[in-house]
Amino acid sequence: MDERPEHPVTMVTATDEERALAREHFRRNVSEAESRMTPEKRAKALAIFGIDASTA
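Residues numbered from 1 in each chain as written. Predicted model: local features only at pLDDT ≥ 70, side-chain atom pairs only at ≥ 80, totals over all residues. Heavy atoms only, no water.

## Observations regarding the pattern of salt bridges
Step number 1: Enumeration according to the criterion identifies two salt bridges in this entry.
Step number 2: Between Asp16 and Arg19 there is a salt bridge whose closest N-O contact spans 2.9 Å. Of this pair, Asp16 and Arg19 are both found in helix H1 (residues 16–36), three residues apart, which corresponds to roughly one turn of the helix.
Step number 3: We note a salt bridge from Glu24 to Arg28, for which the minimum N-O separation is 3.3 Å. Here Glu24 pairs with Arg28, and both are found in helix H1, just four residues apart, close to one helical turn.
Step number 4: Glu24 gets classed as partly exposed once you look at its relative accessible area, which sits at 44%. (Salt bridge = Lys/Arg side-chain N within 4 Å of Asp/Glu carboxyl O. Helix = DSSP H or I, 4+ residues; strand = E, 2+ residues; numbered from the N terminus. Buried < 20%, exposed > 50% of the residue type's maximum accessible area, 1.4 Å probe, protein only.)

Right, here's the structure in full:
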């Protein structure tokens, strides 16, 4: 079992390297989720964010 730090890392306390790793992890997760989307689900997601599918 891993030990949790006494104080959690936040965007305020994170180092530049930790922030870069978090951004990379987030982008990888989004990319993987998008690759699994059906065209219908992708259109729904774009509509939720108000993005025109023809420009995406």
